[in-house]
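# Geometric and topological summary
Single-letter residue listing:
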Amino acid sequence: MRHFKRVCWSAATGLAALLACAHPASAAADPTTGNEGVVELVARQVQASFVDVDGSSGPSQGDEFVNSGDLFRGTEKVGTYGQVCTLTRLVPVDEFDLLCQGSLTFPLGQLTLTGRFTVTGAGPGNIDFAITGGTDRFHKARGFIHAVNISETETQLTVHLSR
């Protein structure tokens, strides 16, 4: 259970769904204005909870990890995020799948995302989320987000945004 929680905390800060000196990969991309392109953000986790749905002593299918935090572009806070990750597969003991759904919220609207990834004893592999839509300026948004954990509470997000 402890390993599962530790890995979940690390894997789901991805976002699960943004610090340091993140520089934009393209000057034209900016989720704060709704422009298309590629932008680098850092998700910094502020709150996190583990929900054990059946009360068992270890992880089980359906357990959830819920987290939220702030989004940064460089040192500037540009938004917030929230996500829920559900454990969907647990076999063998040192490997499991998480299905995550979340949103990135900016002054001009929200981007919604979803994705499933596998976590092994070595940690999560590639974490990619599909941008499934959004609200306001992002109502026709599409693309994907690649997440790389840089610490237990921070995740580098590369947002590939198109409309």
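Keep in mind it's a predicted model, so treat the numbers as computed, not measured. (Residues numbered from 1 in each chain as written. Predicted model: local features only at pLDDT ≥ 70, side-chain atom pairs only at ≥ 80, totals over all residues. Heavy atoms only, no water.)

### Re the overall build of the protein
Of regular secondary structure, the protein possesses 1 helix and 9 strands. Ordered by position in the sequence, the α and β elements of the protein form the string α-β-β-β-β-β-β-β-β-β. Split into buried and exposed, the 163 residues of the protein put 43% on the buried side. When the accessible surface of the protein is summed, it comes to about 7,500 Å², and 53% of that surface belongs to carbon and sulfur atoms. (Helix = DSSP H or I, 4+ residues; strand = E, 2+ residues; numbered from the N terminus. Buried < 20%, exposed > 50% of the residue type's maximum accessible area, 1.4 Å probe, protein only. Areas by Shrake-Rupley, 256 points an atom, 1.4 Å probe, with all protein chains shown as cover.)

### Digging into a nonpolar patch on the surface
There is a patch of nonpolar side chains on the surface, built from V51, V53, V66 and V84 and spanning about 260 Å² of accessible area. Tracing the sequence through the fold places V66 in strand 2 (residues 64-73). (Patch = residues over 30% accessible without salt bridge, like charges linked within 9 Å, V, L, I, M, F, W, Y side chains within 5 Å. Salt bridge = Lys/Arg side-chain N within 4 Å of Asp/Glu carboxyl O.)

### Some thoughts on the nonpolar core
Among the nonpolar cores identified, the biggest contains 27 residues, and L104 and L111 are the most heavily contacted of them. Elements with a contribution of two residues or more to this core: strand 1 (37-51), strand 3 (76-90), strand 4 (96-106), strand 5 (109-120), strand 7 (127-134), strand 8 (142-149) and strand 9 (154-162). Ranked by residue count, the leading element in this core is strand 4, at 5 residues. (Core = buried A, V, L, I, M, F, W, Y, C linked by side-chain atoms within 4.5 Å.)

### What about the packing of aromatic side chains?
In the structure shown here, the tally under the stated rule is 2 aromatic pairs. Ring plane angle 55 degrees and centroid distance 5.9 Å describe the contact between F106 and F138, whose orientation is recorded as tilted. Highlighted residues: F106 in strand 4 and F138 in the loop between strand 7 and strand 8, separated in sequence by 32 residues. Accessibility assignment for this pair places F106 and F138 in one class, buried. (Phe/Tyr/Trp six-rings, centres within 6.5 Å; stacked < 30°, edge-to-face > 60°.)

### Things to note about unusual backbone geometry
Even without being a glycine, D136 presents a positive backbone phi close to 50 degrees. The residue D136 is located in the loop between strand 7 and strand 8 in this model. The class of D136 is exposed, set by a relative accessible area of 58%.

### Points about the pattern of salt bridges
Any two side chains of opposite charge can pair, on the condition that their charged atoms come close. Applying the stated criterion across every chain yields a total of 5 salt bridges. In this structure, D70 and K77 form a salt bridge, with 3.2 Å as the shortest nitrogen-oxygen distance. As a salt-bridge pair, R89 and D97 come within 2.8 Å of each other at their nearest N and O atoms. For R89, a relative accessible area of 30% corresponds to the partly exposed category. One continuous salt-bridge network, built from bridges that share partners, spans R89, E95, D97 and R116.

### Regarding the environment of V159
Position of V159 among the secondary structure elements: in strand 9. Linking V159 and V39, residues 120 residues apart in sequence, is a C-alpha distance of 5.3 Å. The contacts of V159, once residues within four sequence positions are left out, are G37, V38, V39, L41, L111, I131, F144 and I145. (Contact = heavy atoms within 4.5 Å.)

### Quick notes on the environment of T132
Mapped onto the secondary structure, T132 falls in strand 7. The partly exposed category is assigned to T132, whose relative accessible area is 38%. Each C-alpha atom of the pair T132 and R142 lies 5.9 Å from the other, and the pair is 10 residues apart in sequence. Only 2.9 Å separates the side chain of T132 from the side chain of T112, close enough to count as a polar contact. (Polar contact = N/O pair within 3.5 Å; in protein donor to acceptor, adjacent residues only side chain to side chain.)

### Focus: the state of the cysteines
Counted by the stated rule, this structure contains 1 disulfide. With its sulfur 2.0 Å from that of its partner, C85 forms a disulfide with C100. Its torsion about the S-S bond being 110 degrees, the disulfide of C85 and C100 is classed as right-handed. Of this pair, C85 sits in strand 3 while C100 sits in strand 4, and the two are 15 residues apart along the sequence. The same class applies to C85 as to C100, namely buried. (Disulfide = S-S within 2.5 Å.)

Limitation: the analysis is restricted to geometry and does not speak to function.
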